[in-house]
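Spelled out from the first residue to the last, the chains are:
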Amino acid sequence: RRSQLSALAGSARAAINEDYGIVNEVPAHDRRIHLGWSKSATVTDEGVKVFGLPFNSAELQSVKDSLTGKVKVFIDPDDIKHARSKSTRLNSSHL
């Protein structure tokens with residue numbers, strides 16, 4: 001039943017978009033980069049710290065040795081549990 005409702009909602013949303021030009025939801029990654037807060041930070045063994053919040057991820061640690069200088073980190077102020085550099089996903093290590 002849930003998949004039927006989901007399919008119905010999807011087709012209704014497509015019809016509305018076609019008729020009225022409604023903009024689709026912006027993915028969280030794009031929202032952080034284009035509308036969120038940004039700050040440069042140095043990557044350490046403990047991750048990065050921006051706006052006083054620590055962030056880290058396995059993905060960040062796997063590329064940290066290849067990074068030089070600071071990375072630009074983006075945060076959606078409405079969801080500060082996650083941050084992102086342009087190429088790496090970061091998770092808050094304290095929230």
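Shown above is the structure to which this text applies.
Residues numbered from 1 in each chain as written. Predicted model: local features only at pLDDT ≥ 70, side-chain atom pairs only at ≥ 80, totals over all residues. Heavy atoms only, no water.

Trainee: Kindly report on the side chain of Ser 57, identifying the contributing residues and their values.
Mentor: With respect to the element layout, Ser 57 can be found in the loop between β3 (53–56) and α3 (58–63). In this structure the side chain of Ser 57 is engaged in a polar contact, spanning 3.0 Å, whose partner is the backbone nitrogen of Leu 60. (Helix = DSSP H or I, 4+ residues; strand = E, 2+ residues; numbered from the N terminus. Polar contact = N/O pair within 3.5 Å; in protein donor to acceptor, adjacent residues only side chain to side chain.)

Trainee: An account of the pattern of salt bridges is requested, with residue identities and associated values reported.
Mentor: Evaluation of the coordinates by the stated rule reveals three salt bridges. For the salt bridge of Lys 64 with Asp 45, the shortest nitrogen-to-oxygen distance reads 2.7 Å. Of this pair, Lys 64 sits in the loop between α3 and β4 (70–76) while Asp 45 is found in the loop between β1 (37–42) and β2 (48–50), placing the two residues 19 residues apart along the sequence. By relative accessible area, which is 18% here, Lys 64 ends up buried. The closest approach of N and O atoms between Asp 65 and Lys 64, which form a salt bridge, is 3.3 Å. Bridged by salt links that share partners, the residues Asp 45, Lys 64 and Asp 65 form one connected network. (Salt bridge = Lys/Arg side-chain N within 4 Å of Asp/Glu carboxyl O. Buried < 20%, exposed > 50% of the residue type's maximum accessible area, 1.4 Å probe, protein only.)

Trainee: Describe the pairing of β3, listing the residues and the values that go with them.
Mentor: In β3, alternate side chains face the same way, and those of Leu 53 and Phe 55 are buried while those of Pro 54 and Asn 56 on the opposite face are not. Taken together, the three bridges between β2 and β3 define a ladder with antiparallel strand orientation. Within the sheet, the bridge partner assigned to Lys 49 lies in β3 and is Pro 54. Counting the residues in the hairpin turn of β2 and β3 gives two residues, including Phe 51, whose phi is positive at 55 degrees. (Pairing = 2+ DSSP bridges.)

Trainee: Summarise a nonpolar patch on the surface; cite the residues concerned and give the values.
Mentor: A surface patch of nonpolar side chains, amounting to about 280 Å² of accessible area, comprises Trp 37, Phe 51 and Ile 80. With respect to the element layout, Ile 80 can be found in strand β5 (residues 79–84). On the basis of relative accessibility, which here comes to 30%, the residue Ile 80 falls in the partly exposed class. (Patch = residues over 30% accessible without salt bridge, like charges linked within 9 Å, V, L, I, M, F, W, Y side chains within 5 Å. Areas by Shrake-Rupley, 256 points an atom, 1.4 Å probe, with all protein chains shown as cover.)

Trainee: For the nonpolar core, give the residues involved together with the corresponding values.
Mentor: Residues Ala 41, Val 43, Val 48, Val 50, Leu 53, Phe 55, Leu 60, Val 71, Val 73, Ile 75 and Ala 83 constitute the largest nonpolar core, which totals 11 residues. The biggest single contributor to this core is β4, with three residues. In this structure, Ile 75 is in contact with Arg 32, Gly 36, Trp 37, Val 50, Phe 51, Phe 55, Ile 80, His 82 and Ala 83, ignoring residues within four places of it in sequence. (Core = buried A, V, L, I, M, F, W, Y, C linked by side-chain atoms within 4.5 Å. Contact = heavy atoms within 4.5 Å.)

Trainee: Summarise the environment of Trp 37; cite the residues concerned and give the values.
Mentor: Its place among the elements puts Trp 37 in strand β1. Residue classification places Trp 37 among the partly exposed positions, given a relative accessible area of 43%. Residues Trp 37 and Ala 83 lie 46 residues apart in sequence; the distance between their C-alpha atoms is 9.6 Å. Residue contacts for Trp 37: discarding those within four places in its chain leaves Phe 51, Val 73, Phe 74, Ile 75, Pro 77 and Ile 80.

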